[in-house]
Amino acid sequence: MSDAFENIAGAFQPGAAPGPGRTPGPIGMTILLICWVGLGLMPLVLSVSDLKLATGEIGTAGTLTVVSCESLGEGRYDCKGSFVPDGGGAAVAVAASPDSTTGDVKRAQLTPEGDRAVPAGTPGLLSALTMPFLGVGVLAFLPYVFLYVFGARRGRRAAVAFGSLLTAVSLAGVVAGLVAAYS
């Protein structure tokens, strides 16, 4: 029994610290930094159409009435709605946000494809900004990492302060966006 305990305890002991040559070389570090930048920019690039829709630059403004919400299991829902454009016209059957409740009536923006309606106004804009705020959070400490990789001693403390500030702003933006999306 004591051998088994020693094996388990040994698994949680710190290992040897990586020595010289155990870190990625210049090519590996370049690849890692490119992946990091790509990971941070991806939410920004992919949310452009949602931001255009939330600001009213594209799509049709109107009123969405949630007609039905069907449970898909595991807390997921498929909601359908009826969208009436502000300029008049026939109601259009659309997909509504899965966090809707049957009977909800709210301002919405119809996508150019005409298949779904998303919340408009401040709640729509805040929920559309959730992903860009997440991207900013991913990129927050990138200046510090660049200084570290290139061996610069000056400016690291300022880069950490800047990264911490950006992370806090990012967290606040993500929380505000999620609250707006689910309320």
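This text gives an overview of the structure that appears in the document. (Residues numbered from 1 in each chain as written. Predicted model: local features only at pLDDT ≥ 70, side-chain atom pairs only at ≥ 80, totals over all residues. Heavy atoms only, no water.)

Considerations on the sheet that holds strand 2 (residues 76-85)
Next, step 1: The strand order across the open sheet built from 5 strands is 3-2-1-4-5, with neighbouring strands paired in antiparallel fashion. Only two strands of the sheet have a single partner each, and these edge strands are strand 3 (92-96) and strand 5 (117-119). In this sheet, neighbouring strand axes are inclined to one another by 50 degrees on average, regardless of whether the strands run parallel or antiparallel.
Next, step 2: Pairing of strand 1 (residues 60-73) with strand 2 involves 10 bridges; the strand directions are antiparallel. When the sheet's bridge partners are listed, Val 66 is paired in strand 2 with Gly 81. (Pairing = 2+ DSSP bridges. Helix = DSSP H or I, 4+ residues; strand = E, 2+ residues; numbered from the N terminus. Axes fitted to C-alpha atoms, helices over the stretch in contact; angles between N-to-C directions.)

A few points about the pattern of salt bridges
When the charged atoms of two side chains lie near each other, side chains of opposite charge can form a pair.
Next, step 1: Here the structure, examined in full by the defined rule, presents 3 salt bridges.
Next, step 2: Close ionic contact of Arg 116 with Asp 50 constitutes a salt bridge, the shortest N to O distance being 3.8 Å. Of the two residues, Arg 116 is situated in the loop between strand 4 (105-110) and strand 5 and Asp 50 in helix 3 (residues 48-55); the sequence distance between them amounts to 66 residues.
Next, step 3: When its relative accessible area of 34% is taken as the criterion, Arg 116 is described as partly exposed.
Next, step 4: A residue is classified by how much of its surface remains accessible, and Asp 50, at 34% relative accessible area, is partly exposed.
Next, step 5: Asp 86 is the salt-bridge partner of Arg 107, the closest N and O atoms lying 2.7 Å from each other. (Salt bridge = Lys/Arg side-chain N within 4 Å of Asp/Glu carboxyl O. Buried < 20%, exposed > 50% of the residue type's maximum accessible area, 1.4 Å probe, protein only.)

Overview of the nonpolar core
Next, step 1: Of all hydrophobic cores here, the largest spans 9 residues; its members are Leu 64, Val 66, Cys 79, Phe 83, Val 94, Ala 96, Ala 108, Leu 110 and Ala 117.
Next, step 2: Mapped by element, the contributors of at least two residues to this core are strand 1, strand 2, strand 3 and strand 4.
Next, step 3: Residue contacts for Ala 96: discarding those within four places in its chain leaves Leu 64, Val 66, Cys 79, Lys 80, Gly 81 and Ala 117. (Core = buried A, V, L, I, M, F, W, Y, C linked by side-chain atoms within 4.5 Å. Contact = heavy atoms within 4.5 Å.)

Focus: the environment of Ala 120
Next, step 1: For Ala 120, the position within the fold is in the loop between strand 5 and helix 4 (121-128).
Next, step 2: Judged by its relative accessible area of 19%, Ala 120 falls in the buried class.
Next, step 3: Separated by 10 residues in the primary sequence, Ala 120 and Leu 110 place their C-alpha atoms 9.3 Å from one another.

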